[in-house]
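# A structural walkthrough
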Amino acid sequence: MSFANMKQNRNDAISKLVAASAGTNEKKSYGDDRMWKPTVDKAGNGYAVIRFLPAGEGEELPWVRYWDHGFKGSTGRWYIEKSLTSIGQQDPVSELNSQLWNSGRDEDKETARQRKRRLHHVSNILVVSDSANPENEGKVFLYEYGKKIMDKIMDVMQPQFADETPVNPFDFWGGANFKLKIRQVEGYRNYDKSEFDSAVALFDGDEAQLEEVYNKLYKLSEFTDAESYKEYGELKKKLYEVIGEAEVATGFTPAQTVEMNTTKEPVTPNSVESSMDEVGPTSSSEGGAGDSDEDTLSYFAKLASS
């Protein structure tokens, strides 16, 4: 979609985005200089202003969504890999979590919770203000964020009160800057105070500047490419190496259909994992994944690939 077509079709963008949010994946690269990350001080506090940007040419949505697993096994090694459930395939960790969840043992359920999927989103952004790294201001980056920030995006697109007007935060003309406010709460990054500013056209609607930004958008489609995911067999081998022979010996059966203790209806391993996404405790107060533990994952990424 060209810049001109994007402008012409912007009026019905909110309804499409809301519908799409219910149902998407990434080619994650630690140290990727396309990725922007907020900076925090020694107390864990940080502040920046960003602008979420529209979908680029040939892409329908201004975000992609994927899941991954990140945990340390009994061998002392780390498993940090994207989940094949992101692209609709069976994943060995989801299958093992299914068995653990249905074993009848509370300790197995806790293990499954610790290994459950974590949700990530990736969008293009323009950095409006970044006092810790002023060289980033005015530049286009990819930004990875979790459920808490996505909830705030959905809140402004679907306001709850009659005196509130829906805002498409990804829109050049009718969008709004996002004030990212980070606090350290109980040892985790917290984004509760982050908020959207009033709606205002980016660059006062100057189309020359807007088109320049539009032409700098990164392709998000690469993050949904199945080729960026490891194959099932490779992931299963890595999982076994991380959890150790003792746990493998318990009888892990790939693609096993199991029955949850809380229902009489048979469910697949992936649906067990989906249930855990809803009811299991999260690893952080951010609401599940991505933002609050991104620094830990970056640090252990090399360990996970060894």
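Coordinates for the structure precede this section.
This write-up is about the structure you can find in this document. Quick caveat, the model's predicted, so the values are computed rather than measured.

It is worth spelling out the overall build of the chain at this point. Secondary structure assignment for the chain yields 10 helices and 11 strands. Out of the 306 residues belonging to the chain, those deemed buried represent 48%. Here the chain displays about 14900 Å² of accessible surface, and carbon together with sulfur accounts for 48% of that area.

For R51, the position within the fold is in strand 2 (residues 46-52). Looking at R51, the relative accessible area reads 0%, which means it is buried. For R51, the side chain forms a polar contact with the main-chain oxygen of D171, separated by 3.1 Å.

In this section: the packing of helix 3 (residues 92-101) against helix 7 (residues 232-243). Two elements in contact, helix 3 and helix 7, have axes whose closest approach is 9 Å; the angle formed by their N-to-C orientations is 55°. With respect to helix 7, the element helix 3 is oriented oblique. Mapping the contact onto sequence places P92, V93, E95 and L96 in helix 3 and Y232, L235, K236, L239 and I243 in helix 7.

Counting residues in each nonpolar core, the largest one holds 26 residues, and the members touching the most others are W36, F52, Y143, Y145, I149 and I153. At the level of elements, helix 2 (13-21), strand 2, strand 5 (118-129), strand 6 (140-145), helix 5 (147-157) and strand 7 (176-185) are the ones that each hand at least two residues to this core. Broken down by element, the residue count for this core peaks at 5 residues, all from helix 5. Counting 20 residues, the second-largest nonpolar core is a separate cluster that includes L96, L142, F223 and Y229.

Next up on the list: the packing of helix 3 against helix 4 (residues 106-114). For the pair helix 3 and helix 4, interaxial distance at closest approach is 8 Å and the crossing angle is 155°. Here helix 3 is positioned roughly antiparallel relative to helix 4, judged by the angle of their axes. Handedness of the crossing formed by helix 3 with helix 4: left-handed. Across the interface between the two elements, N97, L100 and W101 from helix 3 touch D108, K109, T111, A112 and R113 from helix 4.

Once that is clear, we can look at unusual backbone geometry. Notably, E186 is not glycine yet its phi reads approximately 55°, a positive angle. Structurally, E186 is set in the loop between strand 7 and strand 8 (188-190). Residue E186 is classed as exposed on the basis of its relative accessible area of 76%. For D204, which is not glycine, the phi torsion reads 55° and is therefore positive.

By volume, the largest cavity amounts to about 40 Å³. In this structure, the largest cavity is lined by W36, P38, T39, G46, Y47, A48, D130, A132, L180 and I182. Of all the secondary structure elements, the ones that give two or more residues to the lining of the largest cavity are strand 2 and strand 7. Of all the elements, strand 2 adds the most residues to the lining of the largest cavity, at 3 residues.

Cut-offs and rules
Residues numbered from 1 in each chain as written. Predicted model: local features only at pLDDT ≥ 70, side-chain atom pairs only at ≥ 80, totals over all residues. Heavy atoms only, no water. Helix = DSSP H or I, 4+ residues; strand = E, 2+ residues; numbered from the N terminus. Buried < 20%, exposed > 50% of the residue type's maximum accessible area, 1.4 Å probe, protein only. Areas by Shrake-Rupley, 256 points an atom, 1.4 Å probe, with all protein chains shown as cover. Polar contact = N/O pair within 3.5 Å; in protein donor to acceptor, adjacent residues only side chain to side chain. Axes fitted to C-alpha atoms, helices over the stretch in contact; angles between N-to-C directions. Parallel < 35°, antiparallel > 145°, perpendicular 65-115°, else oblique. Contact = heavy atoms within 4.5 Å. Core = buried A, V, L, I, M, F, W, Y, C linked by side-chain atoms within 4.5 Å. Left-handed = near helix turned anticlockwise from the far one by under 90°. 1 Å grid on protein atoms, 1.4 Å probe; cavity = no way out; pocket = protein on both sides within 12 Å on 5 of 7 lines; lining within 4 Å. Points joined across faces, edges and corners; volume = space filled by probe spheres on them.

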